[in-house]
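The lines below spell out each chain.
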Amino acid sequence: MAHIIVVGNEKGGAGKSTVSMHVATALARMGHKVSALDLDLRQRTFGRYVENRKAFLASAELKLPSPDAHDLPDIEASTLKPGENIYDHRLSAAVAKLEPKSDFILIDCPGSHTRLSQVAHSLADTLITPLNDSFVDFDLLARIDASGDKILGPSVYSEMVWNARQLRAQAGLKPIDWIVVRNRMGAQRMVNKEKMERAIKMLSKRIGFRISAGFSERVVFRELFPRGLTLLDLKDIGVKQLNISNVAARQELRELLKTLKLPGVEVDI
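Read on for an overview of the structure. If you're wondering where the values come from, they're calculated on a predicted model, not measured in any experiment.

Once that is clear, we can look at the overall build of the protein. Per the secondary structure count, the protein includes nine helices and nine strands. Relative to a compact globule of 269 residues, whose C-alpha radius of gyration would be 18 Å, the protein shows 19 Å and is just as compact. A principal-axis box enclosing the C-alpha atoms of the protein has dimensions of 55 × 55 × 35 Å. With 269 residues in all, the protein has 49% of them scored as buried. In the protein, of all internal contacts separated by at least 6 residues, the share reaching a separation of at least 24 is 75%. Accessible area of the protein: about 13,300 Å², with a carbon and sulfur share of 52%.

Structure (C-alpha coordinates):
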(Lines give C-alpha, C1' and ligand atoms only; values in the text may rest on other atoms or scores of the structure.)
Protein backbone atom coordinates (compact mmCIF):
# COMPACT_ATOMS: atom_id res chain seq x y z
CA MET A 1 0.00 0.00 0.00
CA ALA A 2 1.30 3.45 -0.91
CA HIS A 3 2.49 5.83 1.79
CA ILE A 4 0.52 9.08 1.50
CA ILE A 5 2.36 12.37 1.99
CA VAL A 6 0.22 15.48 2.28
CA VAL A 7 1.78 18.95 2.02
CA GLY A 8 -0.66 21.34 3.65
CA ASN A 9 -1.01 24.81 5.10
CA GLU A 10 -4.01 27.10 4.71
CA LYS A 11 -1.78 30.14 4.15
CA GLY A 12 -0.45 30.88 0.68
CA GLY A 13 3.19 31.64 -0.05
CA ALA A 14 4.65 29.25 2.51
CA GLY A 15 6.53 27.18 -0.09
CA LYS A 16 4.19 24.17 -0.32
CA SER A 17 4.65 23.58 -4.04
CA THR A 18 8.43 24.01 -3.87
CA VAL A 19 8.62 21.49 -1.03
CA SER A 20 6.21 19.15 -2.85
CA MET A 21 8.20 19.15 -6.08
CA HIS A 22 11.57 18.65 -4.41
CA VAL A 23 10.38 15.85 -2.11
CA ALA A 24 8.53 14.09 -4.96
CA THR A 25 11.48 14.38 -7.36
CA ALA A 26 13.98 13.28 -4.71
CA LEU A 27 11.94 10.15 -4.00
CA ALA A 28 11.66 9.41 -7.73
CA ARG A 29 15.42 9.82 -8.14
CA MET A 30 15.95 7.33 -5.31
CA GLY A 31 14.02 4.74 -7.32
CA HIS A 32 10.55 5.05 -5.81
CA LYS A 33 7.34 5.22 -7.82
CA VAL A 34 5.78 8.58 -6.94
CA SER A 35 2.31 9.72 -7.94
CA ALA A 36 1.32 13.36 -7.50
CA LEU A 37 -2.02 15.08 -6.97
CA ASP A 38 -2.51 18.85 -6.93
CA LEU A 39 -5.66 19.82 -5.04
CA ASP A 40 -5.42 23.51 -5.89
CA LEU A 41 -7.74 23.06 -8.85
CA ARG A 42 -7.45 26.71 -9.88
CA GLN A 43 -3.76 27.69 -9.57
CA ARG A 44 -2.28 24.17 -9.93
CA THR A 45 1.29 25.32 -9.19
CA PHE A 46 2.50 21.81 -8.34
CA GLY A 47 0.70 20.31 -11.32
CA ARG A 48 2.15 22.97 -13.63
CA TYR A 49 5.61 22.26 -12.20
CA VAL A 50 5.33 18.59 -13.19
CA GLU A 51 3.89 19.50 -16.62
CA ASN A 52 6.75 21.94 -17.22
CA ARG A 53 9.21 19.20 -16.33
CA LYS A 54 7.66 16.74 -18.76
CA ALA A 55 7.68 19.30 -21.59
CA PHE A 56 11.26 20.41 -20.96
CA LEU A 57 12.66 16.88 -20.74
CA ALA A 58 10.92 15.98 -24.00
CA SER A 59 12.29 19.04 -25.81
CA ALA A 60 15.79 18.49 -24.42
CA GLU A 61 15.62 14.75 -25.16
CA LEU A 62 16.47 13.94 -21.56
CA LYS A 63 15.20 11.15 -19.35
CA LEU A 64 15.21 11.99 -15.67
CA PRO A 65 13.29 10.31 -12.84
CA SER A 66 10.07 12.22 -12.24
CA PRO A 67 6.83 12.03 -10.28
CA ASP A 68 3.71 11.17 -12.28
CA ALA A 69 1.04 13.86 -12.01
CA HIS A 70 -2.62 12.85 -12.13
CA ASP A 71 -5.90 14.74 -12.27
CA LEU A 72 -8.84 13.95 -10.04
CA PRO A 73 -11.35 11.78 -11.91
CA ASP A 74 -14.79 13.14 -12.72
CA ILE A 75 -17.66 11.67 -10.75
CA GLU A 76 -21.26 11.65 -11.95
CA ALA A 77 -23.39 13.53 -9.43
CA SER A 78 -26.22 11.10 -10.10
CA THR A 79 -24.16 8.26 -8.57
CA LEU A 80 -23.95 9.98 -5.18
CA LYS A 81 -26.19 9.10 -2.29
CA PRO A 82 -28.02 11.88 -0.40
CA GLY A 83 -25.58 13.87 1.73
CA GLU A 84 -22.45 12.56 -0.01
CA ASN A 85 -19.86 15.08 -1.18
CA ILE A 86 -18.58 14.82 -4.76
CA TYR A 87 -15.08 16.01 -3.78
CA ASP A 88 -14.76 13.19 -1.23
CA HIS A 89 -15.44 10.69 -3.99
CA ARG A 90 -13.12 12.34 -6.52
CA LEU A 91 -10.16 12.21 -4.13
CA SER A 92 -10.87 8.73 -2.77
CA ALA A 93 -11.26 7.41 -6.33
CA ALA A 94 -7.91 8.94 -7.33
CA VAL A 95 -6.11 7.48 -4.32
CA ALA A 96 -7.70 4.06 -4.78
CA LYS A 97 -6.51 3.97 -8.39
CA LEU A 98 -2.96 5.10 -7.60
CA GLU A 99 -2.27 3.07 -4.46
CA PRO A 100 -1.59 -0.31 -6.10
CA LYS A 101 1.01 1.14 -8.47
CA SER A 102 2.72 3.73 -6.25
CA ASP A 103 5.24 3.66 -3.42
CA PHE A 104 4.28 7.19 -2.46
CA ILE A 105 1.35 9.44 -3.26
CA LEU A 106 2.19 13.09 -2.69
CA ILE A 107 -0.79 15.44 -2.35
CA ASP A 108 -0.25 19.20 -2.52
CA CYS A 109 -3.09 21.13 -0.86
CA PRO A 110 -4.26 24.67 -1.69
CA GLY A 111 -3.38 27.63 0.51
CA SER A 112 -6.96 27.91 1.73
CA HIS A 113 -9.57 25.90 3.57
CA THR A 114 -11.39 23.54 1.19
CA ARG A 115 -13.31 20.31 1.46
CA LEU A 116 -10.65 18.55 -0.64
CA SER A 117 -7.93 19.70 1.73
CA GLN A 118 -9.88 18.46 4.74
CA VAL A 119 -10.28 15.01 3.22
CA ALA A 120 -6.63 14.88 2.14
CA HIS A 121 -5.43 15.59 5.68
CA SER A 122 -7.43 12.63 7.00
CA LEU A 123 -5.64 10.41 4.44
CA ALA A 124 -2.13 11.57 5.40
CA ASP A 125 0.40 9.09 6.75
CA THR A 126 2.91 11.95 6.74
CA LEU A 127 1.80 15.58 6.91
CA ILE A 128 4.31 18.28 5.93
CA THR A 129 3.36 21.84 6.86
CA PRO A 130 5.74 24.44 5.41
CA LEU A 131 5.71 27.60 7.48
CA ASN A 132 7.39 30.94 6.85
CA ASP A 133 9.48 31.76 9.89
CA SER A 134 7.14 34.55 10.99
CA PHE A 135 4.53 35.08 13.68
CA VAL A 136 2.12 36.06 10.88
CA ASP A 137 2.27 32.45 9.64
CA PHE A 138 2.54 31.00 13.15
CA ASP A 139 -0.88 32.50 13.90
CA LEU A 140 -2.43 29.86 11.66
CA LEU A 141 -1.16 27.19 14.05
CA ALA A 142 -1.77 28.90 17.37
CA ARG A 143 -2.68 32.15 19.07
CA ILE A 144 0.13 33.67 21.09
CA ASP A 145 0.33 36.53 23.57
CA ALA A 146 1.84 39.95 22.79
CA SER A 147 5.23 38.97 24.21
CA GLY A 148 5.46 35.91 21.97
CA ASP A 149 6.20 33.74 24.98
CA LYS A 150 2.84 32.18 25.84
CA ILE A 151 0.61 29.95 23.72
CA LEU A 152 -3.03 30.99 24.19
CA GLY A 153 -4.58 28.17 22.19
CA PRO A 154 -4.63 26.35 18.85
CA SER A 155 -5.80 28.15 15.69
CA VAL A 156 -7.90 27.01 12.75
CA TYR A 157 -5.33 24.91 10.91
CA SER A 158 -4.23 23.00 14.01
CA GLU A 159 -7.88 22.31 14.76
CA MET A 160 -8.35 20.88 11.26
CA VAL A 161 -5.35 18.58 11.76
CA TRP A 162 -6.79 17.52 15.12
CA ASN A 163 -10.09 16.63 13.41
CA ALA A 164 -8.18 14.63 10.76
CA ARG A 165 -6.38 12.73 13.51
CA GLN A 166 -9.68 11.94 15.17
CA LEU A 167 -11.12 10.58 11.92
CA ARG A 168 -8.07 8.35 11.41
CA ALA A 169 -8.30 7.05 14.97
CA GLN A 170 -11.99 6.22 14.50
CA ALA A 171 -11.10 4.33 11.31
CA GLY A 172 -8.37 2.35 13.09
CA LEU A 173 -5.56 3.92 11.03
CA LYS A 174 -2.12 4.79 12.37
CA PRO A 175 -1.60 8.36 13.61
CA ILE A 176 -0.47 11.14 11.30
CA ASP A 177 3.24 11.92 11.50
CA TRP A 178 3.10 15.72 11.38
CA ILE A 179 6.22 17.73 10.53
CA VAL A 180 6.24 21.54 10.57
CA VAL A 181 8.94 22.83 8.21
CA ARG A 182 10.39 26.25 8.98
CA ASN A 183 11.04 27.95 5.63
CA ARG A 184 12.89 31.20 4.94
CA MET A 185 14.75 31.23 8.24
CA GLY A 186 17.26 34.04 8.53
CA ALA A 187 20.93 33.13 8.84
CA GLN A 188 21.55 35.55 11.69
CA ARG A 189 20.57 35.05 15.31
CA MET A 190 17.79 37.62 15.58
CA VAL A 191 15.39 38.23 18.46
CA ASN A 192 12.33 37.35 16.33
CA LYS A 193 13.95 34.13 15.10
CA GLU A 194 14.74 33.07 18.66
CA LYS A 195 11.18 33.84 19.78
CA MET A 196 9.81 31.80 16.87
CA GLU A 197 12.05 28.91 17.80
CA ARG A 198 10.83 28.92 21.40
CA ALA A 199 7.18 29.27 20.37
CA ILE A 200 7.31 26.42 17.84
CA LYS A 201 9.05 24.11 20.32
CA MET A 202 6.38 24.89 22.94
CA LEU A 203 3.58 24.28 20.46
CA SER A 204 5.12 21.05 19.12
CA LYS A 205 4.97 19.53 22.60
CA ARG A 206 1.44 20.79 23.16
CA ILE A 207 -0.25 19.61 19.95
CA GLY A 208 2.19 16.95 18.75
CA PHE A 209 4.31 17.65 15.69
CA ARG A 210 7.97 17.34 14.81
CA ILE A 211 10.05 20.28 13.58
CA SER A 212 12.35 20.49 10.57
CA ALA A 213 14.38 23.24 8.99
CA GLY A 214 13.27 23.88 5.41
CA PHE A 215 14.50 25.99 2.52
CA SER A 216 16.07 29.41 2.73
CA GLU A 217 14.89 32.11 0.32
CA ARG A 218 16.68 31.45 -2.99
CA VAL A 219 16.20 32.83 -6.49
CA VAL A 220 17.03 29.44 -8.01
CA PHE A 221 13.62 28.00 -7.04
CA ARG A 222 11.80 30.58 -9.15
CA GLU A 223 14.26 30.22 -12.01
CA LEU A 224 13.80 26.45 -12.25
CA PHE A 225 9.99 26.46 -12.30
CA PRO A 226 9.48 27.13 -16.08
CA ARG A 227 11.51 24.00 -16.86
CA GLY A 228 10.06 21.95 -14.03
CA LEU A 229 13.50 21.26 -12.64
CA THR A 230 14.78 20.91 -9.08
CA LEU A 231 18.15 21.42 -7.45
CA LEU A 232 18.82 17.71 -7.92
CA ASP A 233 18.68 18.01 -11.71
CA LEU A 234 21.28 20.74 -12.27
CA LYS A 235 24.22 18.48 -13.09
CA ASP A 236 22.04 16.41 -15.42
CA ILE A 237 21.31 19.48 -17.56
CA GLY A 238 24.98 20.43 -17.89
CA VAL A 239 25.71 22.59 -14.84
CA LYS A 240 29.31 21.66 -14.21
CA GLN A 241 29.84 23.36 -10.87
CA LEU A 242 27.17 24.15 -8.30
CA ASN A 243 27.52 27.51 -6.60
CA ILE A 244 27.56 27.84 -2.82
CA SER A 245 23.84 28.67 -2.68
CA ASN A 246 22.90 25.57 -4.68
CA VAL A 247 25.09 23.31 -2.55
CA ALA A 248 23.52 24.74 0.60
CA ALA A 249 20.02 24.22 -0.80
CA ARG A 250 20.78 20.57 -1.61
CA GLN A 251 21.94 20.09 1.95
CA GLU A 252 18.70 21.65 3.22
CA LEU A 253 16.71 19.17 1.13
CA ARG A 254 18.84 16.26 2.36
CA GLU A 255 18.24 17.23 5.99
CA LEU A 256 14.50 17.63 5.38
CA LEU A 257 14.26 14.16 3.83
CA LYS A 258 16.15 12.65 6.75
CA THR A 259 13.77 14.33 9.20
CA LEU A 260 10.71 12.97 7.38
CA LYS A 261 11.81 9.38 8.13
CA LEU A 262 9.73 7.97 5.30
CA PRO A 263 9.39 4.16 5.18
CA GLY A 264 11.86 2.36 2.95
CA VAL A 265 13.77 5.57 2.14
CA GLU A 266 17.52 5.77 2.50
CA VAL A 267 18.52 9.34 1.76
CA ASP A 268 21.36 9.21 -0.77
CA ILE A 269 20.99 12.42 -2.76
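Take the pairing of strand β8 (residues 177–183) next. The buried fraction of β8 amounts to six of the seven residues, a majority that puts the element mostly inside the structure. One ladder, built from seven bridges, connects strand β5 (residues 126–132) with β8; its direction is parallel. Counted as the bridge partner of L131 is R182 from β8. As paired elements, β8 and strand β9 (residues 210–213) share four bridges and run parallel to each other. Across the sheet, the residue bridging to V181 is S212, located in β9.

On to the sheet that holds β9. On the basis of which strands lie adjacent, the open sheet formed by seven strands has the order β3-β2-β4-β1-β5-β8-β9 and parallel pairing. Only two strands of the sheet have a single neighbouring strand rather than two, namely β3 (68–70) and β9. Taking the axes of each pair of neighbouring strands and ignoring which way they run, one obtains an average angle of 25° across the sheet. Examined bridge by bridge, strand β2 (residues 34–38) and β3 share three bridges and lie parallel to one another. Each bridged residue has a counterpart across the sheet, and for S35 the counterpart in β3 is D68. Strands in contact with helix α9 (residues 244–260) are β5, β8 and β9; relative to β9, the strand with the most contacts, it is inclined by about 165°.

So, about the packing of helix α4 (residues 115–123) against helix α6 (residues 156–170). Across the interface, α4 lies against α6 with an axial gap of 8 Å and an inter-helix angle of 50°. Between α4 and α6, the angle falls in the class oblique. Of the two elements, α4 crosses α6, and the hand of that crossing is right-handed. Across the interface between the two elements, S117, Q118, H121, S122 and L123 from α4 touch Y157, M160, V161, A164, L167 and R168 from α6. Taken together, the residues of the contact of α4 with α6 sort by class into six nonpolar, four polar and one charged.

For helix α2 (residues 45–59), which comprises 15 residues, the first-to-last C-alpha distance of 21 Å matches the rise-based estimate of 21 Å (1.5 Å per residue) to within 8%. Of all the positions in α2, only F46, G47, Y49, V50, N52, R53, F56 and L57 are classed as buried. Of the surrounding elements, those touching the buried residues of α2 are α1 (16–29), β2, β3, β4 (104–108) and α8 (219–224). Phi for E61, located one or two positions after α2, is positive at around 55°.

One finds V23, L27, L257 and L260 to be the most contacted residues of the largest nonpolar core, which totals 40 residues. Broken down by element, this core gets its largest block of residues, seven residues, from α1. Excluding residues within four positions of it along the chain, V23 makes contact with L106, L256, L257 and L260. Judged by nonpolar contacts, the second largest core, of 37 residues, contains L91, L98, C109 and F209.

Criteria and thresholds
Residues numbered from 1 in each chain as written. Predicted model: local features only at pLDDT ≥ 70, side-chain atom pairs only at ≥ 80, totals over all residues. Heavy atoms only, no water. Helix = DSSP H or I, 4+ residues; strand = E, 2+ residues; numbered from the N terminus. Rg over C-alpha atoms; globule rule 2.2 N^0.38 Å. Buried < 20%, exposed > 50% of the residue type's maximum accessible area, 1.4 Å probe, protein only. Contact = heavy atoms within 4.5 Å. Areas by Shrake-Rupley, 256 points an atom, 1.4 Å probe, with all protein chains shown as cover. Pairing = 2+ DSSP bridges. Axes fitted to C-alpha atoms, helices over the stretch in contact; angles between N-to-C directions. Parallel < 35°, antiparallel > 145°, perpendicular 65-115°, else oblique. Left-handed = near helix turned anticlockwise from the far one by under 90°. Nonpolar A, V, L, I, M, F, W, Y, C, P; charged D, E, K, R; others polar. Expected span 1.5 Å × (residues − 1). Core = buried A, V, L, I, M, F, W, Y, C linked by side-chain atoms within 4.5 Å.

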